[in-house]
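# Analysis of the macromolecular model
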Amino acid sequence: MAEVDVNLDHVIPTTIIPTYWAKLLVAFVSFVCFAHSYDGDFVFDDSEAIVNNKDLRAETPLGDLWHHDFWGSKLSSNTSHKSYRPLTVLTFRINYYLSGGFHPVSFHMVNILLHCSISVLMVDVFSILFGGLQYTSKGRRLNLAPKSSLLAALFFAVHPVHTECVAGIVGRADLLGALFFLLSFLGYCHAFRENNKEGAQFSTFWVLLSILLSAVAMLCKEQGITVLGFNAVFDALVISKLNILEIVQKVRHKDKSLENIGWLKNGGLLFRLILLFSGGATILYVRWRIMGTGPPAFTEVDNPASFAESMFVRAINYNYYYSLNAWLLLCPWWLCFDWSMGCIPLIKSVSDWRIIALAALWFCLIGLICQALCSEDSHKRRILTLGLGFLIIPFLPASNLFFRVGFVVAERVIYLPSVGYCMLLTYGFGILTKHTKKKKLIAATVIGILLINMVRCITRCSQWRNEDLLFRSALSVCPLNAKVHYNVGKNLADKGDQTAAIRYYREAVRLNPKYVHAMNNLGNILKERNELQEAEELLSLAVQIQPDFAAAWMNLGIVQNSMRRFGEAEQSYRTAIKYRRKYPDCYYNLGRLYADLNRPLDALNAWRNATFLKPEHTLAWNNMIILLDNTGNLAQAEAVGREALELIPNDHSIMFSLANVLGKSQKYKESEALFLKAIKANPNAASYHGNLAVLYHRWGNFDLAKKYYEVSLKLDPLAPATKENYNLLKRKLEQLQTNSV
């Protein structure tokens with residue numbers, strides 16, 4: 001049994017040491033921590049990656065997944081984030097198909113079960129990391145560290161920083177990436193099942209399978225490729241039992257005994273390292289060919305440190321970000337769905353007190369590295385090196401060292417690095433238990449950490465259940481984050497609370513005066529409240545800051561149209577279409593402008609473009625039918641109405657418009673059927689009942705006309721046209737009654 005396990009005798013009772021009990025316990029605890037998120041909504045990035053992602057729908061060919069990014073955009077597009085995760089998107093698509101639509105419960109349950117599975121796998125992974133890799137004569141792997149592997153797996157299972165990955169459905173990318181990362185590592189370990197002589201024997205098949213699994217991991221999340229680096233470190237330290245410090249010293253002193261090092265003599269490690277490097281290079285090359293050479297386009301607000309001109313400022317802030325990630329692992333109490341947009345102000349001088357965090361981080365890291373290299377205890381060297389390896393290697397793609405990333409701090413990217421933290425924490429408790437007599441206090445501390453983390457997981461999951469709770473929870477953590485205020489405002493606007501939404505949008509613009517999306521949304525609300533002057537100022541500023549912001553150009557056109565500045569409005573619409581050629585809503589608004597200017601042909605062409613780009617654009621179809629009806633082109637209006645109804649057969653507003661046209665064409669029976677069908681779909685629409693009454697009135701069916709006039713007036717007692725027609729009918733009925741007498 002490993003020494004670290006002996007030290008944990010007072011922390012973990014012997015009765016739960018068997019592996020199957022350990023795994024059951026870990027699975028149960030991890031499920032309890034995150035089960036509260038099972039019935040949450042689609043929140044934050046879920047909307048773009050899942051709800052609005054056409055790659056999930058059956059009409060999108062499966063082959064498109066391999067040419068689109070995580071958000072459904074073409075990889076060749078300039079706006080693509082280049083996040084290439086086709087296997088994750090495929091699981092979303094399967095979820096969508098099996099659940100029969102966008103039902104978040106099934107999506108959440110998959111995430112919860114994935115985390116439980118990963119936590120269970122961690123028992124095996126930690127047993128190898130702590131106890132080494134040894135097999136029986138029958139090829140069964142020995143668990144030499146059952147207590148430490150269980151404790152570390154529990155620390156991992158209940159860590160609150162994992163909430164974003166589990167409760168946020170888009171976090172499945174990290175979960176799947178981690179799952180195949182671990183399977184690749186375990187597969188690599190399985191390659192040495194027959195090895196009993198210091199790495200002399202291994203299975204090339206399992207090494208190649210491990211490389212294949214790393215490719216699968218990378219197709220789920222970019223971090224997955226880093227498993228090859230960790231496998232190389234593990235091979236060198238555990239399989240080949242290299243002492244890095246000893247080798248460095250021999251190289252420095254040109255020691256002839258260097259020639260007798262086993263891995264140089266038999267070449268086994270060197271061959272495996274060549275396989276790992278070649279496999280990794282091939283995977284990256286194929287990915288590069290698929291994605292293209294262009295890097296993703298991030299903005300300064302996404303990652304301000306990466307845009308700093310001074311190398312010193314960039315280096316200081318990158319290291320500060322590392323320290324914040326380390327702090328989230330140590331104390332996961334202040335969690336936030338987004339850390340960008342001014343949440344973490346830049347450090348611009350050494351007089352900033354936050355420099356202390358950098359010093360503390362590097363003091364700890366250097367201390368651990370020195371112990372990992374210089375300790376005389378080989379067991380300690382191995383555990384510390386592997387712990388640091390798991391902490392650092394999977395984090396490298398998010399470190400800004402190789403390329404710019406699109407975030408400042410992201411809790412999701414430390415899902416895998418937390419494995420190294422849990423390993424070091426468990427080892428630390430083992431050392432403490434060995435050197436202190438207050439073993440019960442250590443045990444109580446361990447249990448306390450697990451219970452506190454469990455409670456924090458449950459409370460954090462409740463905050464991820466809907467956007468209102470999630471966004472508001474961030475206000476106390478990142479009050480300087482403009483995106484937090486923007487999202488709270490957007491959520492309030494969607495609920496109809498425009499007054500409160502305006503307050504948050506104004507705060508977002510105050511915190512970030514170049515926040516064009518906040519300006520656009522604020523301008524929209526002010527437009528609806530008829531505060532056109534300020535709306536125009538905001539939207540004009542937004543397009544001045546970002547000239548290719550098509551939505552702001554369109555909204556500016558709507559405001560200018562409302563101010564009866566038609567020439568400027570048309571120019572704004574045209575500019576919006578210039579920057580977003582496939583923009584059906586803009587064509588629709590352009591058509592409305594032409595209709596106001598009494599240019600019916602231009603209006604029809606604009607609306608036809610809108611329906612071509614978006615066949616289900618109900619408003620454009622209705623406007624075409626109504627315009628043709630009003631200009632006396634009943635046959636053409638009928639043809640357009642029938643075309644629209646074929647594309648959108650259950651739309652009651654199109655039924656209503658077409659029914660009006662058919663009634664005027666004296667096709668009373670067909671018109672009646674459409675009116676009744678529209679009323680069945682929307683029984684509270686007074687105009688539907690009123691126009692059906694007009695049809696019966698015109699048709700000569702006065703009793704039914706009277707009935708539907710009365711229903712319509714009951715729903716809308718102030719409708720002047722209906723009241724007038726009803727009075728005409730009553731006079732007609734009185735006249736008929738008089739004539740009959």
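Up top you'll find the structure we're talking about.
Keep in mind that what you see is a predicted model, and the values were worked out from it rather than measured. (Residues numbered from 1 in each chain as written. Predicted model: local features only at pLDDT ≥ 70, side-chain atom pairs only at ≥ 80, totals over all residues. Heavy atoms only, no water.)

Scanning the chain for helices and strands turns up 34 helices and 0 strands. Viewed in the frame of its principal axes, the chain has a C-alpha envelope of about 125 × 55 × 50 Å. A burial count over the chain gives 52% of its 741 residues as buried. Sequence separation of at least 24 residues holds for 65% of the intrachain contacts in the chain that already meet a minimum separation of 6. Just so you have it, the chain exposes about 35100 Å², and 59% of that area is on carbon and sulfur atoms. (Helix = DSSP H or I, 4+ residues; strand = E, 2+ residues; numbered from the N terminus. Buried < 20%, exposed > 50% of the residue type's maximum accessible area, 1.4 Å probe, protein only. Contact = heavy atoms within 4.5 Å. Areas by Shrake-Rupley, 256 points an atom, 1.4 Å probe, with all protein chains shown as cover.)

Looking now at the packing of aromatic side chains. Per the counting criterion, the structure on display carries 31 aromatic pairs. Between the aromatic rings of Phe 126 and Phe 130, the centroid separation amounts to 6.1 Å while the plane-to-plane angle is 35°, which identifies the pairing as tilted. Within this pair, Phe 126 and its partner Phe 130 are both found in helix 5 (residues 104-131), separated by 4 residues, close to a single helical turn. Each member of the pair Phe 126 and Phe 130 is classed as buried. Consider the rings of Phe 205 and Trp 206, whose centres lie 5.8 Å apart with planes at 80°: the pair is edge-to-face. On the basis of relative accessibility, which here comes to 28%, the residue Trp 206 falls in the partly exposed class. One aromatic cluster in this structure is built from Phe 42, Phe 70, Trp 71, Phe 92, Tyr 96, Phe 102 and Phe 107. It is Arg 272 that lies over the ring of Phe 202; its NZ or CZ is 4.7 Å from the centre. The lysine or arginine in question, Arg 456, covers the ring of Trp 333, its NZ or CZ lying 5.1 Å from the ring centre. (Phe/Tyr/Trp six-rings, centres within 6.5 Å; stacked < 30°, edge-to-face > 60°. Lys NZ or Arg CZ within 6 Å of the ring centre and 35° of its normal.)

Core analysis: the largest hydrophobic core is formed by 208 residues, its most contacted members being Phe 126 and Phe 185. The greatest single-element share of this core, amounting to 12 residues, is contributed by helix 5. Looking at which domains feed residues into this core, each of domain 1 (311-435) and domain 2 (481-581) gives three or more. For Phe 185, the contacting residues outside a window of four places in its chain are Val 125, Ile 128, Leu 129, Val 227, Phe 230, Asn 231 and Phe 234. With 12 residues, the next largest nonpolar core counts Ile 50, Leu 65, Phe 70 and Ile 169 among its residues. (Core = buried A, V, L, I, M, F, W, Y, C linked by side-chain atoms within 4.5 Å. Domains from an automatic or database assignment.)

Relative to the helices and strands, Pro 417 is located in helix 17 (residues 417-435). Between the C-alpha atom of Pro 417 and that of Gly 389, which follows or precedes it by 28 residues, the distance is 8.7 Å.

Where helix 2 (residues 19-34) contacts helix 5, the axes come no closer than 9 Å and their chain directions differ by 145°. Classified by chirality, the crossing of helix 5 by helix 2 is right-handed. In this structure, helix 2 contributes Ala 22, Lys 23, Val 26, Ala 27, Ser 30, Phe 31 and Phe 34 to the contact, and helix 5 contributes Met 109, Ile 112, His 115, Cys 116, Ser 119, Val 120, Val 123 and Asp 124. Of the residues belonging to the contact of helix 2 with helix 5, the class tally is 10 nonpolar, 3 polar and 2 charged. (Axes fitted to C-alpha atoms, helices over the stretch in contact; angles between N-to-C directions. Left-handed = near helix turned anticlockwise from the far one by under 90°. Nonpolar A, V, L, I, M, F, W, Y, C, P; charged D, E, K, R; others polar.)

Moving on: helix 9 (residues 204-220). In this model helix 9 runs 25 Å from its N-terminal to its C-terminal C-alpha over 17 residues, within 8% of the 24 Å that 1.5 Å per residue would give. Turning to helix 9, its buried residues are Val 207, Ser 210, Ile 211, Leu 213, Ser 214, Ala 215, Val 216, Ala 217, Met 218, Leu 219 and Cys 220. Contacts made by the buried residues of helix 9 are with helix 4 (86-99), helix 8 (172-190), helix 10 (227-239) and helix 13 (268-291). (Expected span 1.5 Å × (residues − 1).)

Before going further, it helps to spend a moment on the state of the cysteines. The full count for this structure, using the stated rule, is 1 disulfide. Here Cys 343 connects covalently by a disulfide to Cys 478, the sulfurs 1.8 Å from one another. An S-S torsion of about -45° defines the bridge between Cys 343 and Cys 478 as left-handed. With Cys 343 in the loop between helix 14 (311-330) and helix 15 (355-374) and Cys 478 in the loop between helix 19 (467-477) and helix 20 (482-494), this pair connects stretches of sequence that are 135 residues apart. Take Cys 343 and Cys 478: they sit in the same class, and that class is buried. (Disulfide = S-S within 2.5 Å.)

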